[in-house]
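# Reading the structure
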Amino acid sequence: MKHTLTPQRYLILLTVILTASFGDTLLSHGMKQVGPVSGHNLGLLLIALKNPWVIAGILLLIGFFASYLTALSWADLTFVLPSTSFSYVIVALLSRFWLHEEISIYRWLGILLIVGGVGFVARGPSLTEHTIPVSEAL
Amino acid sequence: MTTVGPVETWATIITVAATAIAGDVFTAGAMRRIGDLDEIRAHSGLLGAIKAVTGSGMFLLGVLSMALSFFTLLFTLSNVDVSLAAPASASLTFIGNAAAAKIFLHENVDRRRWMAAALVCAGVALLTR
């Protein structure tokens, strides 16, 4: 049986992509406001939890986790991870246009490769057929 | 904005990747044992699905590893550009996860999936330049 995804399941994968990329970028923006954390001032990590950008980032990452777990319940890890790697393309775009980091020609090439990788895995089955239940194999 | 040397930069990035791989494999293994969350939610509601997930010891181990990875990532992001830290740790996590999924989860990591992992890994490596 070839495992293909319903539109609702593609929507879950899209949610994984968007919450991961926006969550990471908001966290990064917040941590830059908090300042560098070193081994001597780890307490700053707790102070970071009061920063609104960090809080918003964490909330988005909770949404990411819920949708990621849902995806893992009906698809292989080696299917979900490459399919949702498009989030790194969005992180690159957000860091260029919002955080004003530089994007070189190499980064644009990297974006093209990721899109290629996503296309590759998305054309295959989403779940491995096991002859014995995974719960026994683990 | 990177404020630390290359050794500390890569040590924190590798720690983020190693704990992320452990977290991914434990949670994926737990979710495979628990079964399709859409079906569980249809039968037992959202609370039933949450109970099924949070009652799994393997899931809790995964969350612990992910929490470690998260705090290491926070630590890394405060010292290293997000456009280096996020793709570099992800790149390492991709290849590690493909191997770990084959060994521990017995997933069929065929040529297509290795190619996808390699393309994404090369892509995120290029993002760091």
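For the structure, check the block above.
Now for a description of the structure that goes with this document. Keep in mind it's a predicted model, so treat the numbers as computed, not measured. (Residues numbered from 1 in each chain as written. Chains lettered and ligands numbered in written order. Predicted model: local features only at pLDDT ≥ 70, side-chain atom pairs only at ≥ 80, totals over all residues. Heavy atoms only, no water.)

### Examining the overall build of chain A
- Across its full length, chain A carries seven helices and zero strands.
- The order of helices and strands in chain A, counted from the N terminus, is α-α-α-α-α-α-α.
- For chain A, the residues scored as buried account for 49% of the 138 residues in total.
- For chain A, restricting intrachain contacts to residue pairs at least 6 apart in sequence, the fraction spanning at least 24 positions comes to 76%.
- Roughly 6800 Å² of accessible area belongs to chain A as shown, and the carbon and sulfur atoms make up 71% of that amount. (Helix = DSSP H or I, 4+ residues; strand = E, 2+ residues; numbered from the N terminus. Buried < 20%, exposed > 50% of the residue type's maximum accessible area, 1.4 Å probe, protein only. Contact = heavy atoms within 4.5 Å. Areas by Shrake-Rupley, 256 points an atom, 1.4 Å probe, with all protein chains shown as cover.)

### Here's the deal with the nonpolar core
- A:Y68, A:L72, A:W74, A:L77, A:Y88, A:I114 and B:L127 are the most contacted members of the largest nonpolar core, which totals 42 residues.
- Beyond its immediate chain neighbours, meaning those up to four positions away, A:I114 contacts A:S85, A:F86, A:Y88, A:V89, B:L119, B:V120, B:G123, B:V124 and B:L127.
- If you look at the next biggest cluster of nonpolar residues, it comprises 22 residues, including A:L27, A:L61, B:F75 and B:L84. (Core = buried A, V, L, I, M, F, W, Y, C linked by side-chain atoms within 4.5 Å.)

### Structural notes on empty space enclosed by the protein
- If you walk through the whole model with that rule in mind, you get three cavities of 30 Å³ or more.
- Reported here for the largest cavity is a volume of approximately 60 Å³.
- In terms of lining, the largest cavity is formed by A:Y88, A:V91, A:A92, A:S95, A:I103, A:R107, B:S83, B:P87 and B:L127.
- Elements that contribute at least two residues to the lining of the largest cavity include exactly helix 5 (86-97) of chain A together with helix 4 (82-104) of chain B. (1 Å grid on protein atoms, 1.4 Å probe; cavity = no way out; pocket = protein on both sides within 12 Å on 5 of 7 lines; lining within 4 Å. Points joined across faces, edges and corners; volume = space filled by probe spheres on them.)

### With respect to unusual backbone geometry
- With a phi close to 55°, B:H106 is a non-glycine residue in the positive phi region.
- With respect to the helices, strands and loops of the structure, B:H106 is situated in the loop between helix 4 and helix 5 (111-127).

### Considerations on the packing of helix 3 (residues 52-74) of chain A against helix 1 (residues 6-34) of chain B
- Close contact between helix 3 of chain A and helix 1 of chain B brings their axes to 8 Å; oriented N to C, the two are set at 55°. In terms of orientation, helix 3 of chain A and helix 1 of chain B fall into the oblique class. Handedness of the crossing formed by helix 3 of chain A with helix 1 of chain B: right-handed. Where helix 3 of chain A approaches helix 1 of chain B, its residues A:F65, A:Y68, A:L69, A:L72, A:S73 and A:W74 are matched on the opposing element by B:D24, B:T27, B:A28, B:M31 and B:R32.
- Of the residues in the contact of helix 3 of chain A with helix 1 of chain B, the class split is seven nonpolar, two polar and two charged. (Axes fitted to C-alpha atoms, helices over the stretch in contact; angles between N-to-C directions. Parallel < 35°, antiparallel > 145°, perpendicular 65-115°, else oblique. Left-handed = near helix turned anticlockwise from the far one by under 90°. Nonpolar A, V, L, I, M, F, W, Y, C, P; charged D, E, K, R; others polar.)

### Points about helix 5 of chain A
- The terminal C-alpha atoms of helix 5 of chain A lie 17 Å apart, and with 12 residues this matches the ideal 16 Å at 1.5 Å per residue to within 8%.
- Residues of helix 5 of chain A that are buried include every one of A:S87, A:Y88, A:V89, A:I90, A:V91, A:A92, A:L94 and A:S95, and no others. (Expected span 1.5 Å × (residues − 1).)

### Observations regarding the packing of aromatic side chains
- The tally for this structure, following the rule as stated, stands at four aromatic pairs over all chains.
- Residue placement shows A:R96 over the ring face of A:F97; its charged tip is 5.4 Å from the ring centre. (Phe/Tyr/Trp six-rings, centres within 6.5 Å; stacked < 30°, edge-to-face > 60°. Lys NZ or Arg CZ within 6 Å of the ring centre and 35° of its normal.)

### Digging into the interface of chain A and chain B
- The interface is formed by 59 residues belonging to chain A together with 54 residues belonging to chain B.
- Of the roughly 4900 Å² buried where chain A meets chain B, counting both sides, 70% is carbon and sulfur surface.
- Close ionic contact of A:D76 with B:R32 constitutes a salt bridge, the shortest N to O distance being 3.4 Å.
- Broken down by secondary-structure element, the contributors of at least two residues to the side of chain A that touches chain B are helix 1 (7-34), helix 3, helix 4 (77-83), helix 5, helix 6 (105-122) and helix 7 (134-137) of chain A.
- Considering every element that reaches the side of chain A that touches chain B, the biggest residue donor is helix 6 of chain A, with 11 residues.
- Split into classes, the residues belonging to the side of chain A that touches chain B amount to 34 nonpolar, 18 polar and seven charged. (Buried area = accessible area lost by both parts, 1.4 Å probe. Salt bridge = Lys/Arg side-chain N within 4 Å of Asp/Glu carboxyl O.)

### Quick notes on the environment of B:A88
All names here are of chain B.
- One can find A88 in helix 4.
- With relative accessibility at 4%, the residue A88 sits in the buried group.
- Measuring from C-alpha to C-alpha, the distance between A88 and L73 comes to 11 Å, with 15 residues separating the pair along the chain.

### Remarks on the layout of surface pockets
- Roughly 1000 Å³ of internal volume is contained in the largest pocket.
- Lining of the largest pocket is provided by 30 residues; of these, A:L61, A:F64, A:F65, B:M66 and B:S69 occupy positions nearest its centre.
- Listing elements by their share of the lining of the largest pocket, those giving two or more residues are helix 1, helix 3 and helix 5 of chain A together with helix 1, helix 3 (57-77) and helix 4 of chain B.
- Looking at the lining of the largest pocket, the element that brings in the most residues is helix 3 of chain A, giving seven residues.
- What lines the second largest pocket is A:F65, A:A66, A:L69, A:T70, B:L37, B:R41, B:L46, B:A49, B:I50, B:V53, B:T54 and B:F59.
- Within the residue set of the lining of the second largest pocket, elements represented by two or more residues are helix 3 of chain A together with helix 2 (37-54) of chain B.

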